[in-house]
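Residue-level structure breakdown
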Amino acid sequence: MTNVAVIGAQWGDEGKGKVVDWLAERADVVVRFQGGHNAGHTLQVANETYKLSLLPSGVVRGTLSIIGNGVVVDPWALLEEIERVRGQGIPVSPDMLRLAENATLILPFYGRVDRLREQRRGKGAIGTTGRGIGVAYEDKAGRRAIRVADLYDDATLRDKVGHLLEHHNALLRGWGAEEIAPEELIAKLKEIRGPLTPYVDCVWERLDGLRRSGRRILFEGAQGILLDVDHGTYPFVTSSNTVAAAAAVGSGMGPGAVGYVLGIAKAYTTRVGGGPFPTELQDEVGARLAERGREFGTVTGRPRRCGWFDAAAVRQAVQLSGMDGIALTKLDVLDGIETLEVCTGYRIGDRMLTRLPASQADQAALEPVYERLEGWSESTAGATGWAQLPATAVKYVRRVEELIGCPVAMLSTGPDREDTIAMYDPFAD
Ligand code: IMP
């Protein structure tokens with residue numbers, strides 16, 4: 001049985017929510033394994049739009065949904081999201097939503113620390129979502145984080161909060177910012193444990209059982225490979241590993257757990273926040289992509305930076321995650337653009353590069369090298385078969401496949417799940 005991981009192949013916002021939703025119908029379980037409520041997955045199902053941040057996209061279909069240990073969990077945000085989705089008629093019950101007992105918690109003051117850090121970075125600000133994601137991963141690596149299971153032992157909780165605040169209050173004091181009172185934090189954490197209890201589980205064991213009984217597991221990545229803390233455009237990255245290999249670590253499964261890696265890439269490129277973006281367009285084409293693609297962040301509402309498809313960067317993502325297929329999304333946004341450009345590599349002065357360099361200085365100096373392709377004037381919106389696509393659109397997709405070294409397994413031509421051309425179903429036996 002093949003388990004599938006869905007991974008963003010750019011800087012996030014590639015349209016993973018829709019693809020996961022499409023696959024979730026065939027999966028027995030959907031697992032989130034990294035990130036937190038910095039993610040924003042939009043699903044459009046039968047005239048209803050669902051905006052998910054922390055909940056795995058499987059909840060909308062009633063598929064068993066698991067929040068793995070690699071996710072950083074703001075329990076208040078989680079409970080709020082459960083209520084919001086319930087308000088839209090989706091019965092999110094503890095039977096269908098399980099939360100790893102060893103997941104790291106995002107504490108109420110993490111957002112404040114995140115934003116203070118950003119202020120202090122000034123011009124070098126990363127442009128985080130301000131949700132305390134990085135702070136949670138730092139505390140996890142620093143071995144002082146509060147994890148879900150810690151909520152259930154008063155002595156441990158008290159001890160750990162004391163240790164954690166020793167670190168954070170020293171920092172806040174240094175910045176001249178208000179310190180955190182331990183009693184207040186402990187009281188808040190005690191309040192949340194009751195409502196959280198029904199969802200808490202040993203998810204690695206449950207997943208092992210599901211795998212052994214041949215259940216189909218869908219791993220739902222958040223953000224994108226170019227935001228990976230090791231492999232992305234560091235330091236302008238998120239604080240988790242977003243590559244496919246993280247699916248195993250972040251859920252407690254072996255490296256063989258993922259059989260098929262499906263990368264998701266937009267037919268152009270977007271990025272939210274700061275950092276290098278070689279194909280960024282600050283002209284009317286960029287504005288047109290933003291407008292037609294409705295490129296505003298799901299979580300923060302910030303306008304997304306837009307640019308041409310960067311085949312060199314996606315090729316790198318394909319290699320870094322061993323991608324077996326790509327779902328190319330938002331092809332219809334390119335409708336009506338006379339000439340399209342695709343980045344095939346970069347130049348720094350006389351130096352030619354076929355990949356994104358690791359050095360921050362080099363990344364900032366990159367000039368894209370473009371190949372020009374003929375566009376199409378017809379509409380591809382809502383196309384459900386290759387035959388409905390203009391010849392130049394087919395050529396564009398075929399050229400993209402060649403350049404990134406990976407077959408296009410799926411094409412998305414609109415927000416509805418029906419607006420899809422599926423060439424390959426990774427869950428098909
Ligand atoms: P953080 O994850 O909030 O720490 O933000 C770090 C970087 O990742 C910033 O550039 C954010 O804009 C970006 N980022 C985080 N989550 C997402 C996402 O879901 N989509 C796109 N960008 C994201």
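Computed from a predicted model, the values in this text were never measured in an experiment.

1. Notes on the sheet that holds strand S20 (residues 420-422)
Here we have 10 strands laid out as an open sheet, ordered S9-S7-S5-S2-S10-S1-S11-S15-S19-S20, and mixed in their pairing. The open sheet is flanked by strand S9 (200-201) and S20, the only strands paired with a single partner. Pairing geometry for strand S7 (residues 97-100) and S9, over two bridges, is parallel. In the strand pairing of S9, alanine 100 is matched with aspartate 201. Across the sheet, helix H1 (residues 16-24) lies against strand S1 (4-8), strand S2 (29-32), strand S10 (217-220), strand S11 (260-266), strand S15 (325-329), strand S19 (408-412) and S20, angled at about 170° from S1, the strand it touches most.

2. Re the side chain of arginine 117
Positionally, arginine 117 belongs in helix H3 (residues 110-121). Within the structure, arginine 117 has its side chain in polar contact with the side chain of glutamate 138 (distance 2.9 Å). Sequence-distant contacts of arginine 117, defined by excluding residues within four places in its chain, comprise Val135, Glu138, Leu171 and Trp175.

3. Considering the pattern of salt bridges
One pass over the structure, following the stated rule, counts 25 salt bridges. The residue arginine 399 makes a salt bridge to glutamate 371 at a minimum N-O spacing of 2.5 Å. Here the residue arginine 399 occupies a position in helix H12 (residues 391-404), and glutamate 371 occupies one in strand S18 (residues 367-374), the gap between them amounting to 28 residues. A single salt-bridge network, built from bridges that share partners, covers Asp13, Lys266, Glu295, Arg304 and Lys330.

4. With respect to helix H6 (residues 182-196)
The terminal C-alpha atoms of H6 lie 21 Å apart, and with 15 residues this matches the ideal 21 Å at 1.5 Å per residue to within 8%. Of the positions making up H6, those classed as buried are Leu185, Ile186, Leu189, Ile192, Arg193 and Leu196. Seen along its axis, H6 keeps its buried residues to an arc of 130°; they face one direction. Exposed positions of H6 whose direction lies more than 90 degrees from the buried face are Glu184 and Glu191. On the buried face of H6, the contacting elements are helix H2 (75-87), S7, strand S8 (104-105), helix H5 (154-174) and S9.

5. Re the packing of H3 against helix H4 (residues 133-141)
Between H3 and H4, the shortest axis-to-axis distance is 7 Å and the interhelical angle comes to 105°. Taken together, the axis directions place H3 and H4 in an arrangement best described as roughly perpendicular. Residues Tyr110, Val113, Asp114 and Arg117 of H3 form the contact with H4, whose own contacting residues are Ile133, Val135, Ala136, Glu138 and Asp139. Of the residues that constitute the contact of H3 with H4, the class distribution is five nonpolar, no polar and four charged.

Rules used throughout
- The residue count restarts for each chain, going from 1 along the sequence in the order it is written.
- Reporting of local features is limited, given that this is a predicted model, to residues whose pLDDT is at least 70; pairs of side-chain atoms are given and counted only at 80 or more, and all residues count toward the totals for whole chains, interfaces and linings.
- Side-chain calculation: all heavy atoms of the structure are included, whereas hydrogens and water are not.
- In this scheme, strands are said to pair when DSSP sees at least two bridges between them.
- In this description a helix means any DSSP run of H or I spanning at least four residues, a strand means any run of E spanning at least two, and both kinds are numbered starting from the N terminus.
- Contact definition: two residues touch when any of their heavy atoms are within 4.5 Å.
- Structural elements are reduced to axes, namely lines fitted to C-alpha atoms, with helices fitted over the stretch in contact, and the angle between N-to-C directions of any two is expressed from 0 to 180 degrees.
- Here a polar contact is taken to be a pair of N or O atoms separated by no more than 3.5 Å, where protein atoms must pair a possible hydrogen donor with a possible acceptor and residues adjacent in sequence count only if both atoms sit in side chains.
- We define a salt bridge as a side-chain nitrogen of Lys or Arg found within 4 Å of a carboxyl oxygen belonging to Asp or Glu.
- The span expected for a helix works out to 1.5 Å for each residue beyond the first.
- Buried residues are those whose accessible area, probed at 1.4 Å on protein chains only, stays under 20% of the maximum for their type, while exposed residues exceed 50% and partly exposed ones sit between those limits.
- Our arc is simply the arc of the directions from the helix axis toward the C-beta atoms.
- By definition in this entry, angles of less than 35 degrees are roughly parallel, angles greater than 145 are roughly antiparallel, angles of 65 to 115 are roughly perpendicular, and the rest are oblique.
- Note on residue categories: nonpolar means Ala, Val, Leu, Ile, Met, Phe, Trp, Tyr, Cys or Pro, charged means Asp, Glu, Lys or Arg, and polar means any other residue, Gly included.

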